[in-house]
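What the coordinates show
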Amino acid sequence: MYSVMRQPQRPTAVEYCVSCKFLSPSEENLVVAGSTQLQVFAIRETNEKRTKLASTRPSTSSSAGANLELVLQSSLHGVVAEVQPVRVGRGGRDALLIAFDSGKVSLIEYDAASHDFATVAILNAELDEYQDGLHQRLLRPLLRVDPEQRCAVLLVYDRYLIVCPFRGDEPFAGRQLTLPHYAVSLHSLDPKLHNVLDLQFLHGYYEPTIFILFEPVRTCPGRVAVRQDTVSLLAVSLSLSERVHPTIWSLDGLPFDCFKVLPVPKPIGGVVVFTVNSLLYLNQSVPPFGVSLNSIAESCSSFPLREQEGVTLALDCAQACFLSHDRFVVSLRTGEIYVVRLKADNMRMVRGFKFDKAAASVLTCCICTVSEKYLLLGSRLGNSLLLRYSQKTELRAGEPASKRRSTVSDWLASGLDEDELEVYGSALNSEPSDLPYVFEVCDNLINVGPLSSSSLGEASNVAKEYVQMDWHELEVVSCSGHGKNGSLSVLQQTILPQLITTFELQGCTDMWTVFADTDGSASDSNGHAFLILSQKDRTMVLHTGTEIQEIDQSGFDTSGPTVYAGNIGGSTHILQVCPQGVRLLHGDVEVQYLPLIAPTQFVRCSVAGPYALLQCEDGTVHTVTFSMSGSEPQITLESPSVVDVSPVAACCLYEDKGGVFNTDAVVVDPVSRIPRHASDSKSARTKKEVIPGVKPSLDMTVDEEDELLYGTADDTAKTAAAAKASAAAAAASSKDNDEDDDVLLYGTAPPAIEVDGPTPRQKSSTYWCIVCRQNGSLEISTFPEMVSVFTVRNFSNFPRVLVDSGVADNGVHADTSSSSQSSPPPVLEVLAVGFGSHGKPYLMARSKEDIQIYQAFQYTSSQPGQRLSARFSKVKHDIVLFDRTTQLPGDGAKVKPFPAVSENTPMLRWFEDVGSFSGVFMCGPSPHWIFMTQRGILRCQPMMIDCDVMCFAPFDNINCHQGFLYFNAKSDLRIATLPRHLSLDADWPVRKIPLRCTPHFVSYHPDLKMYGVVTSTSSPRTVEPHTVNNDEFQLDALDEGDQFIYPEVRKYTLQLYSPITWEPVPNVSLEFDDFEMVVGMQVVRLNSEASAGIASYFALCTCTDQGEEVTARSKVMILDAVEVVPEPDQPVGLKLKPCYDKEMKGPVSAIGYVRGFFVAAIGQKVYVWSFASCKDLIGVAFVDTQLFVHTMSTAGDYILVGDIQKSVALLKFDTETRSLSIVSRDTQHLEIVATNYLFYQKKLGFMVSDMMNNLIVFNYMPEVLESDGGRLLLRRADIHIGTRVNSLWRTPALPTVVYGPNGVPAMRQRQDKRQITWFSGMDGSVGFVLPVNEKTYRRLLRLQDKLITFLPHFGGLHPKAFRLFRSSRPCIVNPHRNILDGDLLVNFIYASKSDQQELARSLGTTPNTILSDLVDISYSSCIY
């Protein structure tokens, strides 16, 4: 079987975070990484207040909030193992050293020319000389960078230390391909040096000194009585020039539970060593000091420890970082946050610790500070939080010293997940150094991982008009998070609008909504006043009040179609554009009419502020200017001057509010190549700089021009005076400076290093005209001057970066470099918009085959004259648009896939304030919402529920607040709103329902239309079970004192949830006994005499484990939900009725059903029971398998069981003979995690996921010799995912949509029936495996091989090597692959048209054929 794998929902977990000056030497950025994702954020200050954590701690200053805004992101062909910033000496910016789990290291920096990541150098540590015979990488590599930026070290395979020395300010001159490095064997440093726990560089040493924490002889908690204090330390000085590494400090006898080292910055120095039960401070020149944090530390270690008063905690899984030289923050595994102060004397000797409990937040896996005032708590178990911290400056008079507590219960992380953020006061003294820290929430990053269990259910709140196809009513519900971060994540692949009403209106081709001054006020808050509908031969004008009514008499022209209608110059006046003229209206009263005096007609219009740009049918453009002549409004229509240029194919106007579009001269730093406006930095220049784009005046001499370009010896004094003036101006206009910095964070190149800061510029809106001509060129001109400042000669080729090609092309002749057959299709529509609150410029261009999105960023122009100091980089998106034709089965004729619409009808529609979003809606056969979220991430969300969308308009009135209108292909006018309960700031729309406990299993009950969820809560175990007589036991109370940390025991609960409100159904829950753990839960369909057929039940298997002295017990429960008389004030009358609840003779590890019979796995045996009596399970059949079955899935008569060590086995149950037999099995070693099936036509594949993050497909092929007559399952496909897959489920693939003669879509089932197998990962990703035919597979396989070498890959990573099957031990089975990497194949869409043609030509096919295959994959999987 052949298939393709894609991950439309990318990883959301945050595992690593660092702060560095990646984009600019003047401002820090936040870099986060998780699994295969890397993101760079900028922190934007805002004036709005955020939820304050220290509500009981008064603060004298009111600090403003901040937002995280995405600047760069990239998907990687490798799993990130470590990220460290490093200074590489390029203009003061930092680069990133990224280590991957495969042992590779990449040096990444920011490329200002393309606004993207650039790979500077790589290092491959995956060599045989470092492995020493090891086959499996047990530990991830550790990467550390010297704080003085002298070198970096990489620990690989726990055997070698790879040292990468840095060479001064230019360590990688000449762009070396490989990082300079040499290897040091750990055994050469110390024969006992192995089992490294952690390593860090120390502060304050002349030579780079690395601190190594290791355990020569391992022990465990069960052997502490005979072996303890087994951890040692070693400090090694690295002499980089001589390559000698003397040991300068060593110490043995540290507690066995040491796990982490935190270097202490200067002037104190030393390290803080974290153990589970104590905290140590070590320094070479002072005696060691440690404190015990609980009573367990005294019994498990002989290391001298002092008791820390007032603190009882454990530091396992703790994350920490320093806030200042003597304070560090610690986040515990329970989410509590402590600020710890080092009590040092005058000799800088630490004599104590002071713990201050500051907050309780998310469960943290990484932590870092940004700009010395922000703190990021990165989490893979919940949403990551950005906090702002500050130290109190004064105390409130009479403030009590006792601890107080306040909870911010209304804080919802990203509006969905409730993250507990609690603050505790502490005893304060009058010393300023003891003042506590105040934390407040600024922003968060949504995370839906880890996805442990998933269930497919019917979507709720779907309007009956949308009920056309069953797979459009589905939604995925997954268990996310852990502990107090636990939640249910409801995932939908497309947006399901909340439909208000529908009207059937035939013949409408376009529509618009406008504001008007109807009641004396022209505020936008009053909503839209008119709805204008354009038909083939007339125009309808409707008044949108409480009711929508057509207006018979108005100033609008209704005798013919309308080209455009919208507001101009504000919300008071309306501009109506007809084919033969333009009309200005105030409300519904005509003010002015200007006819078109030309043998042509208007076909398109674009409005920005008081200007309008009109495109004519003959390719010419006209301009309309709105102005107020006294108190009378008027418009002027200007005809273009006759110029011998290529006709206009598409055009638009753009209002730039962010200041990115400008024609100022740009100064380029000679080292960093970072551009800066000359008007901003002229007064601050102290070096000889070249200012391209500045035209010297005519009275300048040659010497004066040379002085302007290169400077003179007398420039020093002049520059100093100008710098002082610039500093004074900057101090007086700090607000403008902040606005200028805002521009740099929105996709622009960072500023050059300056002495006293730039002179601030006053920003104002500027207008620009963007024109695409029929010869394929793009021109950007100032408006209304119409001076060309940016030209791209072959724009229709859609290159990756748009670069100014200089003087505008006259365009009389098209590009003749290629034949007309291979020339790219012309641009049909262009739109420039400003996304976000600061107006980040984006350029969208639509052709017949696809849509391209470009992001503008500032960059120097090398062309002479006043040119636009900006470039455009292509943005990757998931919109697949291709004008394909579908052949009707048996009809023999090809039908156009989209109803007949004029090419001049715009498909890209700008909207404002629709569901609190502003962006672009793309009409057509693949409707999408394109908008920017608060975090600066461009989201493209599909809306495939209603087939094709003909036209779209925003709509806001009293009955539809922040809604929209659209016509579908059936001429239905729908009024709807965006779903407000979903978060659209994700790859998939998601809704997180906070549970405040750990979810384990979720399953959908089709009869009740509800979800059963198994959750658990943790509590200290204060009793100890002991066996008394046979199976009887008693519980003895434990009393170990207040300083003892008791072990935790989980309490499990089964609760039903309604998908309508997502609230727990009252009184419909089941609580399990203490020490009883739910192993599995599933809704099973069993034969029932009571229902005379098949009935659905909740089936659970549990295990009671009370320790090694009490025999473990297991049981199976079958529950039925019955209707009862509802109690008062209860909407639902349901009750869980136990139908079967008995113990089993062995541990029940997996359950399921087959043909109405109940199936359960007990150890290595699989049993089949009958439940027809609804009272007892009657044994029918059983079979022995391998070691221990812990997962199973059923389909028809087949049962696929997964073993914990011995791969999978295929069983078959015969209902006639009631026999269970083993059909086939895999004999290779494989640790199975989840199992399911893969259907394609009449073929059946068996898909499994394993502990090594692979997906494997087996086939039963008895006719093949290698199968030994069918006794062995054959591995036919495998691929590496990069994350643990715990859940697999199936859905039918979306059938092909074909269109009838009238353009109305009609559903026809595919001839090749197939199903999609979906999977969810621990990092929050969701993907699928889709079967394809062999012809498509062969074509796309060759394309994949070409793309591997054709495209540049991040960090030098190899996509093919990343997707290869990985095993935990040597395996004699070769990788079979046969699963395509869909994430790599979609890069063909982002390639330029010339590259697409070149790739297709090398494969012997056409780009349209490849695009058709990719469209089929994308369309078939869009089912939610």
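Residues numbered from 1 in each chain as written. Predicted model: local features only at pLDDT ≥ 70, side-chain atom pairs only at ≥ 80, totals over all residues. Heavy atoms only, no water.

Let's talk about the sheet that holds strand 81 (residues 1157-1162)
One open sheet holds the 4 strands; their spatial order is 80-81-82-83, and the pairing between them is antiparallel. The open sheet has two free edges, formed respectively by strand 80 (1148-1154) and strand 83 (1178-1184), since each of these has just one partner strand. Strand-to-strand twist across the sheet, computed as the mean angle between neighbouring axes with direction ignored, equals 20 degrees. Inspection of the sheet shows strand 80 paired to strand 81 by 6 bridges, in the antiparallel sense. Counted as the bridge partner of Val1148 is Ile1162 from strand 81. (Pairing = 2+ DSSP bridges. Helix = DSSP H or I, 4+ residues; strand = E, 2+ residues; numbered from the N terminus. Axes fitted to C-alpha atoms, helices over the stretch in contact; angles between N-to-C directions.)

Observations concerning the packing of aromatic side chains
Within the structure shown, the criterion is met by 44 aromatic pairs. For the pair Trp988 and Trp1318, a centre-to-centre distance of 5.8 Å together with 65 degrees between the ring planes defines the contact as edge-to-face. Here Trp988 is found in the loop between strand 68 (972-977) and strand 69 (990-994), whereas its partner Trp1318 is found in strand 95 (residues 1315-1321), with 330 residues between them in sequence. Each of the two residues, Trp988 as well as Trp1318, counts as buried. A network of ring pairs unites the aromatic residues Phe911, Phe921, Trp929, Phe952, Phe964 and Tyr966 as a single cluster. Across the ring face of Phe1365, the terminal group of Arg1275 is positioned such that the distance to the ring centre comes to 4.6 Å. (Phe/Tyr/Trp six-rings, centres within 6.5 Å; stacked < 30°, edge-to-face > 60°. Buried < 20%, exposed > 50% of the residue type's maximum accessible area, 1.4 Å probe, protein only. Lys NZ or Arg CZ within 6 Å of the ring centre and 35° of its normal.)

A look at unusual backbone geometry
Glycine aside, a negative phi is what most residues show, and trans is what most peptide bonds show. Between Lys266 and Pro267 the backbone carries a cis peptide bond, its omega angle lying at 10 degrees. Looking at the secondary structure, you find Pro267 in the loop between strand 18 (258-263) and strand 19 (271-275). Of note, the amide linkage connecting Gly449 to Pro450 takes the cis form, showing an omega dihedral of -10 degrees. Turning to its location among the elements, Pro450 is positioned in the loop between strand 32 (437-445) and strand 33 (454-458). Look at Arg996: it is not a glycine, yet its phi comes out positive at around 65 degrees. Positive phi outside glycine occurs at Phe1075, with the angle close to 70 degrees. Note on placement: Phe1075 falls in the loop between strand 75 (1064-1071) and strand 76 (1076-1088).

Considerations on the confidence of the model for the protein
Predicted confidence across the protein gives a mean pLDDT of 82, with 82% of residues reaching 70 or more. Under a pLDDT of 50 for its full length, residues 49-64 has, in the predicted model, 54 contacts with residues more than four places off or in other chains. Residue range residues 810-821 is modelled with pLDDT below 50. Its contacts to residues more than four positions away, or to other chains, number 11 contacts. (pLDDT = per-residue confidence, 0-100. Contact = heavy atoms within 4.5 Å.)

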